Amino acid sequence: MDDFTKEEAQEIYDLMAAFQNGREVGSLVDTSKLSLETLQHIVKKIDQGAYNQTFVRVGEKIHQLIQIALILSEQHDIIVTNPPYLGTARLNNSYSKFLKQHYPNAKADLFAAFLEKFTGNLKRGGYSALVTMQSWMFLSSFEKLRKGLLAKYTLSNLMHMENGVMGIAFGTAVSIFRNMPLSSFNGTYHQIKYHDVQNGDPASLPVAGNRYNRTNQTNFTFIPGTPIAYWAPGAVLRAFHKNTPIYNIARFRIGLVTGDSMRFVRYWSEVKFTAIGLNISNDYEARVSRKKWFPYQKGGDFRKWFGNNLFVVNWKNDGYEMKHDNYSGSRLKSHNFNGDFAFQQGITWTKISSGAASFRFVPSGYMFDDASPFGKITDKKRDFLMAFLNSKVTNYILGLLNPTLNYLPGTIEQLPLLRAENEDQITKYARSSLAVSSDEWIQYESTWQFRNFPILSHIAEHNRNWTVEAAFNQWKQEAQDRFDQLKKNEEELNKIFIDLYGLQDELSPEESDKEVSVRKADLGRDIRAFMSYFIGVTFGRYSLDTPGLAFAGGDWDTSKYTSYQPNTDDVVVLTDSDYFGDDRDIMHRFREFLTTTFGKEHLDENLAFIANALGKAGDTPEDQIRSYLFNDFYKNHLTIYQKRPIYWQLDSGRQGGFKALMYLHRYDGDTMAMIRTSYLHTLQAAYEKRVTTLDTFIASETNTRQKNQLIKQRDHTRKQLEELVKYDAQLQHVANMHIAIDLDDGVVVNHQKVQADVKLLTPIK
């Protein structure tokens, strides 16, 4: 009997190598490099017993592998399947390595490898129909796969199904390829949305009102990245074909990946304000400033033109602490971007969004997070580019480039930017929109640009003798005018760009109210914000005489406070009644605040208006306002400050025996001892006196109903007193520890530190 020939031996070696991971990868085994003719010849010789006895030990196994290889290499007229979906990150190392070696263009997901494999197994003129995830149509990780498939095959039909159509959370696509390049063929494409499905089947095809088109797949190659943007109109394709991408005038980069935001990133309101490096224009200025924290763009909610300036990052000494950290996983290769782009003015946006993209101007002085990429742009081109990016046209084109709502810098750079004859008009609307948005942004106390509470903006004109209702109504009109102006600007810009890009049949210039990202007035929300401002003034964070922040760490300056003096101590008590009769009581201070700002003449009227806006129950306006401060203020404060409160609430428990607020930036190691001796013990004595007084009233009361009410009040006060005694022991424990805090550690760490393993403060939830 014969031995293997050299050619046969090599083929068997290649066969064994191909099936090395055969049990794991199954029908993805790559047989493209095997010689089918040689394998068939080997099978024939095996069947004839042509090999020597040495082969007998492995012959049966080789015979089986050859048979499988021949089956996997067969060409078919039609292949229909729904392959498995599994991203590279979830594959084991050997499978991932296999995909990288044999399916490099499809390695991002298992389904893509099957799409490439099975479409390649078609006879000439044959069809493959695969149900896959939609991601291969758009994501950059599948760009080479798309280009390869479109170069070899004809995409004759595609049914694009959004989330939920097939009962799963992600979008899918049924792609039908034909193994025959037909350059003049127009494929059929349509989209099905969840509401179009009845009893598991489409109600009709094509679905009315959804995307439907017949187009030549060559059109996809005009669009950067070759997305399967089958609904792209000819006008947009021509815009791309003119090859005028944004990167001709601007460069965009990703930002820092700190690896540990809890360590290196803070809301600006958490840290000492004097430790923040503001108005920095380059790395050198940042170094010599010796500041630790610097303004940091970190994405955020939908907001156009200006805003979302809420964070700071630890970049002391060029980020020394971050660079030399062994555990955070920061990727400071991104500092190549920050070195050139950091602290420069430009444009940013939120990289991952659940809806439309929104672009914002960023003045000089900021660094940038991975979630908030950045584009550096000259003043000359800024307004035109901002106008284009915030138009409906941009969001429409982004939907072609990447409907997955992941707006990467490379995608933004590829947007086609056409020249406009009316650029001066565009610039005018853009500058007005930026001014309107920035003016509105600084109305929020959660921003460091905050200057004064808007309802108080005109009190000087009325000699501080005015009503809150009149002040609110004036603010309401100003907010409405601002909103209307921005909406008008954006609609005019939409019209200009829709006409420029020839999208009149696709888009309407009108903006819905939710697309305009400045707020109208809202009585309940704005009065709650007014109460928050009052608390800030009472603690000295703000002053009625000094615009912006008066104190947020650093040195206390009494000269900043003339009209209304902050509380001497770092505490104000929230109780269900006035037990102090002085500045320690919250309502005592609020009456003084209202008298100072709006005048004594209108005090009762203003209290009633505010109480009505807060919507709490109570016998009098003061009772209603006290109820809000006692029960709801802190919850609202947590919302405003994103669960990083700057006013902390001491809370003795369910009976409400003791509630008080203290200001984080005025806290020191003696604060708890001061609260205990000057506030809690005084309140404890007041409760004891109240119980005695109620006992006297009960003994003399003859009316049964009145007597029962008095008994109920006394019993509740007794429970508050019992709660207060227990709380006193906890407070004494913390006071004896003289716990100090470091503002650089942030609210979460410091809050836990002051809690000291006892339930002293209202939790941050």
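About the thresholds
- Residues numbered from 1 in each chain as written.
- Predicted model: local features only at pLDDT ≥ 70, side-chain atom pairs only at ≥ 80, totals over all residues.
- Heavy atoms only, no water.
- Helix = DSSP H or I, 4+ residues; strand = E, 2+ residues; numbered from the N terminus.
- Buried < 20%, exposed > 50% of the residue type's maximum accessible area, 1.4 Å probe, protein only.
- Contact = heavy atoms within 4.5 Å.
- Lys, Arg positive; Asp, Glu negative; His and termini not counted.
- Charge placed at Lys NZ, Arg CZ, Asp CG, Glu CD.
- Patch = residues over 30% accessible without salt bridge, like charges linked within 9 Å, V, L, I, M, F, W, Y side chains within 5 Å.
- Areas by Shrake-Rupley, 256 points an atom, 1.4 Å probe, with all protein chains shown as cover.
- Salt bridge = Lys/Arg side-chain N within 4 Å of Asp/Glu carboxyl O.
- Pairing = 2+ DSSP bridges.
- Axes fitted to C-alpha atoms, helices over the stretch in contact; angles between N-to-C directions.
- Parallel < 35°, antiparallel > 145°, perpendicular 65-115°, else oblique.
- Nonpolar A, V, L, I, M, F, W, Y, C, P; charged D, E, K, R; others polar.
- Core = buried A, V, L, I, M, F, W, Y, C linked by side-chain atoms within 4.5 Å.
- Polar contact = N/O pair within 3.5 Å; in protein donor to acceptor, adjacent residues only side chain to side chain.
- 1 Å grid on protein atoms, 1.4 Å probe; cavity = no way out; pocket = protein on both sides within 12 Å on 5 of 7 lines; lining within 4 Å.
- Points joined across faces, edges and corners; volume = space filled by probe spheres on them.

Peer 1: Quick one: what's the story with the overall build of the protein, residue by residue and with numbers?
Peer 2: The number of helices and strands found in the protein is 25 helices and 19 strands. Among the 765 residues that make up the protein, the fraction classed as buried is 53%. Within the protein, residue pairs in contact and separated by at least 24 positions form 71% of the contacts whose partners lie at least 6 positions apart. Across the protein, the mean location of the 89 positive side-chain charges is 3 Å away from that of the 88 negative side-chain charges.

Peer 1: Go over helix 22 (residues 633-640) with me, naming the residues and quoting the values.
Peer 2: Of all the positions in helix 22, only Phe633, Tyr634, Asn636, His637 and Leu638 are classed as buried. Buried residues belonging to helix 22 abut helix 18 (523-539), helix 21 (621-631), strand 18 (647-651), strand 19 (659-663) and helix 25 (746-755). Phi turns positive, to about 50°, at Gln642, one or two residues after helix 22.

Peer 1: Just give me the short version of a nonpolar patch on the surface, but keep the residues and values in it.
Peer 2: A contiguous nonpolar patch, built from Ile78, Val80 and Tyr127 and spanning about 320 Å² of accessible area, is present on the exposed surface. Accessibility expressed as a relative area gives 33% for Tyr127, which makes it partly exposed.

Peer 1: Any details on the sheet that holds strand 12 (residues 311-314)? Residues and values, ideally.
Peer 2: Taking strand neighbours across the sheet as the criterion, the 4 strands line up as 10-12-11-15 in an open arrangement whose pairing is mixed. The sheet is open, and its two borders are formed by strand 10 (265-267) and strand 15 (367-368), each paired with just one other strand. Pairing of strand 11 (residues 293-297) with strand 15, which is carried by 2 bridges, proceeds in the parallel orientation. Paired with Gln297 across the two strands is Phe368, which belongs to strand 15.

Peer 1: Explain unusual backbone geometry residue by residue, including any values.
Peer 2: The backbone of Trp305 shows a phi angle near 80°, a positive value even though the residue is not glycine. Considering the arrangement of structural elements, one finds Trp305 in the loop between strand 11 and strand 12. Owing to a relative accessible area of 1%, Trp305 belongs among the buried residues under this scheme.

Peer 1: Before we move on, can you summarise the packing of helix 13 (residues 379-389) against helix 17 (residues 468-501) with the specific residues and values?
Peer 2: At their nearest, the axes of helix 13 and helix 17 sit 9 Å apart, and the two run at 85° to each other. For the element pair helix 13 / helix 17, the angle class is roughly perpendicular. On helix 17, the residues touching Phe384, Ala387 and Phe388 of helix 13 are Leu493, Phe497 and Tyr501. Taken together, the residues of the contact of helix 13 with helix 17 sort by class into 6 nonpolar, no polar and no charged.

Peer 1: Which residues make up the nonpolar core, and what values go with them?
Peer 2: Counting residues in hydrophobic clusters, the biggest one holds 122 residues, and the most contacted among them are Leu28, Trp136 and Tyr501. Contact partners of Leu28, with chain neighbours within four places excluded, come to Tyr95, Phe98, Leu99, Tyr103, Leu110, Ala113, Phe114 and Lys117. Residues Phe374, Ala521, Phe590 and Leu680 belong to the second largest nonpolar core, which totals 100 residues.

Peer 1: With reference to specific residues and values, describe the pattern of salt bridges.
Peer 2: Enumeration according to the criterion identifies 28 salt bridges in this entry. With its nearest N and O atoms 3.2 Å apart, the salt bridge here joins Lys520 to Asp513. For Lys520, a relative accessible area of 32% puts it in the partly exposed group. Between Asp695 and Arg718 there is a salt bridge; the shortest N-O distance is 3.7 Å. Taken together, the positions of Asp695 in helix 23 (residues 671-700) and Arg718 in helix 24 (residues 704-737) put the pair 23 residues apart, joining distant regions of the chain. Residue class for Asp695 comes out partly exposed when judged on its relative accessible area of 30%.

Peer 1: Please provide a residue-by-residue account of the environment of Phe273, values included.
Peer 2: Along the chain, the position of Phe273 falls in the loop between strand 10 and helix 10 (283-289). Expressed as a C-alpha distance, the spacing of Phe273 and Ala552, which sit 279 residues apart in the sequence, is 5.5 Å. If near-sequence neighbours (up to four positions away) are discounted, Phe273 is found in contact with Trp268, Leu278, Trp448, Leu549 and Ala552.

Peer 1: Describe the packing of helix 14 (residues 392-401) against helix 17, naming the residues involved and giving the relevant values.
Peer 2: Contact geometry of helix 14 with helix 17 gives a least axis separation of 8 Å together with a crossing angle of 50°. It follows from the interaxial angle that helix 14 and helix 17 lie oblique. Contacts between helix 14 and helix 17 involve Lys392, Val393 and Ile397 on the former and, on the latter, Asn494, Phe497, Ile498 and Tyr501. Looking at the contact of helix 14 with helix 17 residue by residue, the class counts come to 5 nonpolar, 1 polar and 1 charged.

Peer 1: Let's hear about the pairing of strand 2 (residues 122-133): which residues, and what values?
Peer 2: Taking burial as the measure, the 12 residues of strand 2 include 9 buried ones, the bulk of the element. Of the strand pairs in this sheet, strand 1 (residues 76-81) and strand 2 are connected by 5 bridges, and their pairing is parallel. Looking at strand 2, one finds that Ile78 is bridged to Tyr127. Both strand 2 and strand 4 (residues 172-178) contribute to a ladder of 7 bridges, which runs antiparallel. Bridge pairing links Tyr127 to Arg178 in strand 4.

Peer 1: So, the environment of Asn157: which residues are in play, and what are the values?
Peer 2: Relative to the elements of secondary structure, Asn157 occurs in strand 3 (residues 154-161). The sequence separation of Asn157 and Gly187 amounts to 30 residues, and the corresponding C-alpha distance is 5.5 Å. When near neighbours in sequence (up to four residues on either side) are disregarded, Asn157 contacts Val174, Ser175, Ile176 and Thr188. Of the polar contacts made by the side chain of Asn157, one reaches the side chain of Ser156; its length is 3.1 Å.

Peer 1: Help me get a handle on empty space enclosed by the protein, residues and values and all.
Peer 2: Considering all chains together, one arrives at 1 cavity of 30 Å³ or more under this definition. In this model, the largest cavity occupies a volume close to 30 Å³. Tallied by class, the residues present in the lining of the largest cavity amount to 6 nonpolar, 2 polar and no charged.

Peer 1: Lay out the pairing of strand 18 with the relevant residues and their values.
Peer 2: The element strand 18 is extensively covered by neighbouring structure, given that 5 of its 5 residues are classed as buried. Burial along strand 18 is two-sided: the residues Tyr647, Gln649 and Asp651 and Trp648 and Leu650 are all buried. Sheet analysis places strand 18 next to strand 19, joined by 5 bridges and oriented antiparallel. Among the inter-strand pairings, Gln649 is bridged to a residue of strand 19, identified as Leu661.

Peer 1: Help me get a handle on the side chain of Arg482, residues and values and all.
Peer 2: If you trace the backbone, Arg482 turns up in helix 17. Beyond its immediate chain neighbours, meaning those up to four positions away, Arg482 contacts Val436, Asp439, Glu440, Gln443, Trp475 and Val518.

Structural measurements only, silent on function.
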